Amino acid sequence: MKIKSVTGREILDSRGLPTVECEITLDDDRSVVSSVPTGLSTGDFEAFQLRDNDKKRYFGLGVLKAVKNINKKIAPLVVGKKPSFSDADKEMIHLDGTDQKSNLGANAILAVSIAVAKAESLVQNIELYELISNKLGIKEPKLPIPMFNILNGGLHASNGLCFQEFMVMPSKQVSFKKSLEMGVKIYQHLKLLLFDAKHVVSVGDEGGFAPFFTGKNGLPDLEAFDYLIKAIKFAGFSEKDVKIGVDVASSQFFDDEEGVYSFHAHEVDPEELIEFYEKIISKYPISYIEDGISPMDFGAWKLLTKKLSKKVQIIGDDIFSTNEALIKEGIKNKIATGSIIKPNQVGTVSEALKSVDICRKNNFGIVVSHRSGETIDTFISDFAVGANSSHFKGGGCARGERIAKFNRLLRIEELLS
Ligand code: PGA
Ligand code: ZN
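Reading the values: the criteria
Residues numbered from 1 in each chain as written. Chains lettered and ligands numbered in written order. Predicted model: local features only at pLDDT ≥ 70, side-chain atom pairs only at ≥ 80, totals over all residues. Heavy atoms only, no water. Near = heavy atom within 4 Å. Polar contact = N/O pair within 3.5 Å; in protein donor to acceptor, adjacent residues only side chain to side chain. Areas by Shrake-Rupley, 256 points an atom, 1.4 Å probe, with all protein chains shown as cover. 1 Å grid on protein atoms, 1.4 Å probe; cavity = no way out; pocket = protein on both sides within 12 Å on 5 of 7 lines; lining within 4 Å. Sits in = over half its atoms within 2 Å of the grid points. Nonpolar A, V, L, I, M, F, W, Y, C, P; charged D, E, K, R; others polar. Domains from an automatic or database assignment. Buried < 20%, exposed > 50% of the residue type's maximum accessible area, 1.4 Å probe, protein only. Helix = DSSP H or I, 4+ residues; strand = E, 2+ residues; numbered from the N terminus. Pairing = 2+ DSSP bridges. Donors = N, O, S within 2.8 Å, 3.2 Å for Na, K, Ca; no water. Salt bridge = Lys/Arg side-chain N within 4 Å of Asp/Glu carboxyl O.

*Asks:* How should the site of ligand 1 be read in this particular structure?
*Replies:* Every one of the 14 residues lining ligand 1 counts as a neighbour, but Leu-40, His-156, Arg-371, Ser-372 and Lys-393 are closest to it. Measuring from an oxygen atom of ligand 1, one finds a backbone N or O atom of Ser-41 at 3.1 Å. When the free accessible area of ligand 1 is taken as 280 Å², the share hidden by the protein chains comes to 100%. Assessed atom by atom at 2 Å from the grid points, ligand 1 resides in the second largest cavity. For the shell around ligand 1, a count of residues per class yields 1 nonpolar, 5 polar and 8 charged. Built from parts of two domains, the shell around ligand 1 gets at least three residues from each of domain 1 (3-125) and domain 2 (145-416).

Listed below in structure tokens is the structure:
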């Protein structure tokens, strides 16, 4: 069975801004569709998202150039061939010829890469997660522990919270169905608490609530943790059942010239920020800190890991950007205990798999993640299961583009049982 056509298209993401969709039709007229997400707190090492920069359309954020690259340059590489994402990725990387995919655009390349993978699983008559696990030589695909981002801050909410994501997760692996129910229960109880305190209960980019906290000793982030604890208890769980994870996204408040973090009214150096983490870890049941230090502050990552990795997972997102070489460097220098994996940070499914492989071989944590600007594509759910990712970041318990991924995980759990 061969690929009959490849069509790129400009569609909208969950923020109502343009992104790339790719549709592949096979010789027998079966078709698959993929679409790619967009991050807001992006790292400097991420693959290049090609935008039109035509201010007359969508504030310059149109993706017609990327779409044209799919239709005119990439389609001829794959049309008439058997779907193989490994082969397509190699050819696209070669045609692009740059480190960050700045010619064709990583948004164009990834949309095709995912669509070809979907077509490949269709032709092989296997589930997408099986295609991923087969590539990695994993015999038993398994469901990840979900982390629910139930309070949004930072760039995702503009509500005065410095930390970007306040997440809750089951403390140990239970069925995904049960985990989801737990997340929803805490989420709905948090809503009631916020409502009672006359906070707005509208949600941020990732589906968590985005209230404006005025703060405890001038630190709204501490008030956010207090709300999480209250919601966990109100929902009938204990600190033993549920843990808290936080994506600090600290590059957003790091001044790389001065080497300090502007944390609300305070300017703190990395040592002081790490002391602050030690304090909150001793007070709240935190088991996960992501991007606690900025990628531009490499030395402090080592200190963070040395001081806190016995108590919590230290996960790098922007600093690794799903890049195999950067992850290798991080493992060698012991600067974290695991990496976020976001296929669109690197631009092909094959390269995201290489990053997973290097983590697996070194016993480094793997956390597959969505982006803040998402679509209803559920590829990352299959990717997380196929890659045996220990945790999964899919957002809060609302917004269709987040729920679509959780619902796909429910279906996969059924298929695996
Ligand atoms: P982003 O945020 O998708 O806006 O980059 C998600 C994250 O930092 O994990
Ligand atoms: Zn992050």
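Let's pick the thread back up.
*Asks:* I'm lost on the pairing of strand β4 (residues 145-152) in this one. Help?
*Replies:* Sheet faces and side chains relate simply in a regular strand, where the side chains alternate between the two faces. The buried count for β4 comes to 8 of 8 residues, which makes it a mostly enclosed element. As paired strands, β4 and strand β14 (residues 391-395) are joined by 4 bridges and run parallel to one another. Its bridge partner lying in β14, Phe-148 is registered against Gly-395.

*Asks:* Is there a simple way to explain unusual backbone geometry in this structure?
*Replies:* The phi angle of most residues is negative, glycine excepted, and most peptide bonds adopt the trans form. Positive phi, normally seen in glycine, also occurs at Asp-29, with a value near 75°. Within the fold, Asp-29 resides in the loop between β2 (18-26) and β3 (31-35). By relative accessible area, which is 51% here, Asp-29 ends up exposed. At Ala-249, a residue that is not glycine, the phi angle is positive and equals roughly 45°. For Ala-249, the position within the fold is in the loop between β6 (242-247) and β7 (254-255). Judged by its relative accessible area of 5%, Ala-249 falls in the buried class.

*Asks:* Quick question: what am I supposed to make of the coordination of the zinc ion (ligand 2) here?
*Replies:* Reference values for angles at a metal are 109.5 degrees in the four-donor tetrahedral case and 90 or 180 degrees in the six-donor octahedral case. Within the protein, the atoms that donate to the zinc ion (ligand 2) are Asp-247 (OD), Glu-290 (OE) and Asp-317 (OD), at distances of 2.0 to 2.2 Å. Each donor residue of the zinc ion (ligand 2) belongs to the same chain, with the gaps between them written as D-x42-E-x26-D. Of this pair, Glu-290 sits in strand β10 (residues 286-290) while Asp-317 is found in the loop between β11 (313-316) and α9 (324-332), placing the two residues 27 residues apart along the sequence. Asp-317 matches Glu-290 in its accessibility class, with the two residues each being buried.

*Asks:* Looking at this model, I keep getting lost on the pattern of salt bridges. Mind explaining?
*Replies:* Pairs may arise between side chains of opposite charge once their charged atoms sit close together. Applying the stated criterion to the full structure yields 25 salt bridges. In this structure, Lys-135 engages Glu-120 in a salt bridge whose closest nitrogen and oxygen atoms are separated by 3.9 Å. Separated by 15 residues along the polypeptide, Lys-135 in helix α4 (residues 128-136) and Glu-120 in helix α3 (residues 106-124) bring together distant segments of the chain. In this structure Lys-135 comes out as partly exposed when scored by relative accessible area, which is 40%. The closest approach of N and O atoms between Glu-127 and Arg-408, which form a salt bridge, is 3.0 Å. With Glu-127 in the loop between α3 and α4 and Arg-408 in helix α13 (residues 400-416), this residue pair connects regions lying 281 residues apart in the sequence. Residue class for Arg-408 comes out buried when judged on its relative accessible area of 12%. Ionic contacts of the salt-bridge type, sharing partners, join the residues Glu-165, Asp-247, Glu-290 and Lys-393 into one network.

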